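The chain contents come next:
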Amino acid sequence: MVNKMQKQKIADWGNYPVVEAETVRFNQAEQLRVALGEPGEVIAYGNGRSYGDASLQKRVIMTRSFRSFLSFDSASGVVCCESGALLAELLEAFVPRGWFLPVSPGTKFVTLGGAVAADIHGKNHHGEGSFGAHVVSLEVMRADGSIVRCSREEYPEFFALTIGGMGLSGVILNVTLQLKAIESAWVRQQTIRASRLSELMDAFESFDEWTYSVAWVDTLAGGDALGRGMLMRGEHATVEQVQGHSTFSAASQRKLNVPFFLPNGLLNRGTMMAFNSVYYHQNQKPVKERLVHYESFFYPLDAIGNWNRIYGRRGFMQYQFVLPRVTGRVAVEAILKKIQASGLGSFLAVLKLFGEQESFISFPMAGYTLALDFPVCFEVFKLMKELDAMVADWGGRLYLAKDARMDEAMFAKTYPHADDFREAIALLNGGSTRFSSLLSNRLGIT
Amino acid sequence: MERILIIGATSDMGQAFAQACALQGSSIMLAARNGDVLDRMAKDLRARTQVAVSTHAFDALDMEQHEVFYQDLPERPDGVICFVGLLGDAAACQQSFEVARRVLDTNLTGVVSILDLVANEFEKRGRGWIVGVSSVAGDRGRAPRYHYGCAKAGLNAYLSGLRQRLFKSGVFVMNVKPGYCRTKMVAGWNLPNTMTSEPEEVARVILKGIHRKQETLYVRWMWRWIMWLIRVLPECIFKRLKI
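Being a predicted model, the structure only gives us computed values, none of them experimental. (Residues numbered from 1 in each chain as written. Chains lettered and ligands numbered in written order. Predicted model: local features only at pLDDT ≥ 70, side-chain atom pairs only at ≥ 80, totals over all residues. Heavy atoms only, no water.)

## With respect to the interface of chain B and chain A
Link 1 in the chain: In this assembly, 14 residues from chain B lie in contact with 16 residues from chain A.
Link 2 in the chain: Surface buried jointly by chain B and chain A totals about 1,300 Å² across both partners, of which 46% is contributed by carbon and sulfur atoms.
Link 3 in the chain: Among the residues chain B hides against chain A, the three largest losses belong to B:Arg40, B:Ala47 and B:Arg48. Together they make up 42% of the total.
Link 4 in the chain: Seen at the junction of chain B and chain A, the total is two salt bridges.
Link 5 in the chain: Here B:Arg48 and A:Glu89 are joined by a salt bridge, their closest N and O atoms 2.8 Å apart. (Contact = heavy atoms within 4.5 Å. Buried area = accessible area lost by both parts, 1.4 Å probe. Salt bridge = Lys/Arg side-chain N within 4 Å of Asp/Glu carboxyl O.)

Below, the structure written as structure tokens:
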């Protein structure tokens, strides 16, 4: 594969914004070095599963062809892969051998490099931290073509800057990751129905010992039922618990696809309300427990290819914020009320309680995070602007990997290390080739 | 556990196929020209899976060496698949027979040379499968790239003859015509999404096809009908078209 340059329209998962970009592919480090020899602003683009503009720029380095597995130690579960490999590839190779991802986001179609750059989190954040916490070491190519091998011992500052650094310290070449031992491909899942927000949050706070927990919230239910939803908790099933199932069987191949963009506006208040109501009432028992395959526990939406197209060609935006635990309860309620008053609904709303996290620029902090999906339209921008003020006032912040519109002031105010991060990136970006994305330009980082 | 020999393994389809086979537990013999890429592939497969992987130097154009290559394999393969192919520059083929011959030899003569050896062994043994990766370009010669097309047409005829010969001895022969596929062969081409497959998809479809004993495989279904239409067009119309 040669460094073929191509102009094409690219976007991330929200399909907003869409930009014309020059794309460069590589499958060997040497080719990347040649590409970085060209001056200008550039950012790495993995599988396009961040939502906003974090991996967009006039010139992007496509990492998907750089995806070889380099080594695996079956005794310790430490794997080393090139950064373009998908989490799905890791699961395919290692689940049958009794190893699982230490942290799983809501989709397995993200690249390893992207997982590190956005320091992604999963349903186990409260107990096991974010993805970065399980990274043993990294190799990163800087703008001048030099390769930095870093870990908590070697160049620890550079390592900390790269984890959650949104690709601004360089192109991540390979990732050495500690996998997690499992006994089966199955998850013991418990679903708890909560008829209002406080019940949902009580459930979160009283069951910290479960490894995985996440809740779906019906954002359209109002009054007494405000914030009603379902909490899902899970635990990797042991060999004894999966009797009757084959321990490491792959999931059934059933896969739906959205073949084209559906009409804008198909997902509206009416259709969403109907869906939410059915979804909420399907679970008649207050507590239900069953054994599910890891695919359906961790990646339910992956079963529908291109699900982002149901929002229409105009695209959609995720609004994911985190609020400190102390203000969280009040704040989430106020925000849900605000959204209801606006008349806009979020189709998917996911609530989760994060644990503590010490990090430089990563998103998670101890407290409640809520992720909301809105179809792109004029009113949504206005609503989000108002939500920004609330989130900032309550000491919260927004997730950069899902953002396409936050302003510079909001970023500076809500990320405590914003200034240090900007200075560190400026130091690294001294040459004629500079790493920057539309996101980092917008937030005044670069 | 099956032992699979993949010839032309460093092609994008070859790499995807090797990975799919290894993940389902087959042991893999990789053969291609480029030793560095082969080594990288082998390392990747050994990290992903626990199957046995070996690498072997093979050049389709070095036909005198094919017999030695085949005899020296560490194990006798249960199945052989050949991804060897060269699109070549159409204009250069028209100008220089040297270039044209390279296209013909890579796509046809070299493949026939190695598959004959495989076929003789499999016939004697009375089992095994042989997959040749041909092309929709071989279904009818067209002005752009007819040198490539004629070599692939030859390969189609070869595989169909081979299938008939080996049927009696229980050896299965498959002809794959992928249609558009996103590989380095067509890097930079502007291809319609619905008609273009990914190498991983080709690998998956071939594996399924071997299992189901499909004799001619078009990776995406529309290609069968498109090529049928192109084949049945009367020459007096066809020659005037720009397709």
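## Concerning the side chain of A:Thr162
All names here are of chain A.
Link 1 in the chain: By the element assignment, Thr162 lies in helix 5 (residues 156–162).
Link 2 in the chain: What makes Thr162 buried here is its relative accessible area of 2%.
Link 3 in the chain: At a separation of 2.8 Å, a polar atom in the side chain of Thr162 contacts the main-chain carbonyl oxygen of Phe158.
Link 4 in the chain: Among the polar contacts listed, one links the side chain of Thr162 to the side chain of Ser169, at a separation of 2.9 Å.
Link 5 in the chain: In this view, Thr162 contacts Val116, Ala117, Leu138, Val140, Ser169 and Ile172; residues no more than four positions away in its chain are not counted. (Helix = DSSP H or I, 4+ residues; strand = E, 2+ residues; numbered from the N terminus. Buried < 20%, exposed > 50% of the residue type's maximum accessible area, 1.4 Å probe, protein only. Polar contact = N/O pair within 3.5 Å; in protein donor to acceptor, adjacent residues only side chain to side chain.)

## Remarks on a positive patch on the surface
Link 1 in the chain: A contiguous patch of positive charge on the surface is contributed by A:Lys255, B:Arg204, B:Lys208 and B:Arg212.
Link 2 in the chain: The topology assignment puts A:Lys255 in the loop between strand 14 (229–236) and strand 15 (256–257). (Patch = residues over 30% accessible without salt bridge, like charges linked within 9 Å, V, L, I, M, F, W, Y side chains within 5 Å. Areas by Shrake-Rupley, 256 points an atom, 1.4 Å probe, with all protein chains shown as cover. Lys, Arg positive; Asp, Glu negative; His and termini not counted. Charge placed at Lys NZ, Arg CZ, Asp CG, Glu CD.)

## Structural notes on the sheet that holds strand 8 (residues 135–141) of chain A
Residues and elements named next belong to chain A.
Link 1 in the chain: Strand order across the open sheet formed by five strands is 5-6-10-8-9, with antiparallel pairing between neighbours. Since the sheet does not close on itself, it has two edges, and those belong to strand 5 (69–73) and strand 9 (147–151), each with one partner. Between one strand axis and the next, the sheet turns through 10° on average, direction left out of account.
Link 2 in the chain: Sitting on the sheet, helix 2 (residues 87–94) touches strand 5 and strand 6 (78–82), and the angle it makes with strand 5 is about 40°. (Pairing = 2+ DSSP bridges. Axes fitted to C-alpha atoms, helices over the stretch in contact; angles between N-to-C directions.)

## Some thoughts on empty space enclosed by the protein
Residue and element names in this part refer to chain A.
Link 1 in the chain: Taken as a whole and assessed by the stated rule, the structure comprises two cavities of 30 Å³ or more.
Link 2 in the chain: The volume enclosed by the largest cavity comes to roughly 70 Å³.
Link 3 in the chain: Around the largest cavity sit Met317, Gln318, Tyr319, Gln320, Met384, Leu398, Tyr399, Lys402, Asp403, Ala404 and Arg405, which together line it.
Link 4 in the chain: No other element matches strand 18 (residues 316–324), which puts four residues into the lining of the largest cavity.
Link 5 in the chain: Residue composition of the lining of the largest cavity, by class: six nonpolar, two polar and three charged.
Link 6 in the chain: Forming the boundary of the second largest cavity are Ala117, Ala118, Gly164, Met166, Ile361, Ser362, Phe363, Tyr399, Leu400 and Tyr415.
Link 7 in the chain: Split into classes, the residues belonging to the lining of the second largest cavity amount to eight nonpolar, two polar and no charged.
Link 8 in the chain: Residues from two domains meet in the lining of the second largest cavity; each of domain 1 (69–182) and domain 2 (186–405) gives at least three. (1 Å grid on protein atoms, 1.4 Å probe; cavity = no way out; pocket = protein on both sides within 12 Å on 5 of 7 lines; lining within 4 Å. Points joined across faces, edges and corners; volume = space filled by probe spheres on them. Nonpolar A, V, L, I, M, F, W, Y, C, P; charged D, E, K, R; others polar. Domains from an automatic or database assignment.)

## Considering the state of the cysteines
Residue and element names in this part refer to chain B.
Link 1 in the chain: Under the counting rule described, the total for this entry stands at zero disulfides over all chains.
Link 2 in the chain: Cys150 forms no disulfide, and the closest cysteine sulfur to it belongs to Cys93, at a distance of 9.3 Å.
Link 3 in the chain: By relative accessible area, which is 42% here, Cys150 ends up partly exposed. (Disulfide = S-S within 2.5 Å.)

## Describing the layout of surface pockets
Residues and elements named next belong to chain A.
Link 1 in the chain: Taken as a whole, the second largest pocket spans an internal volume of roughly 270 Å³.
Link 2 in the chain: Around the second largest pocket, the lining is made up of 16 residues, and of these Arg152, Ile163, Gln357, Glu358 and Ser359 lie nearest the centre.
Link 3 in the chain: Counted by class, the lining of the second largest pocket contains six nonpolar, six polar and four charged residues.
Link 4 in the chain: Built from parts of two domains, the lining of the second largest pocket gets at least three residues from each of domain 1 (69–182) and domain 2 (186–405).

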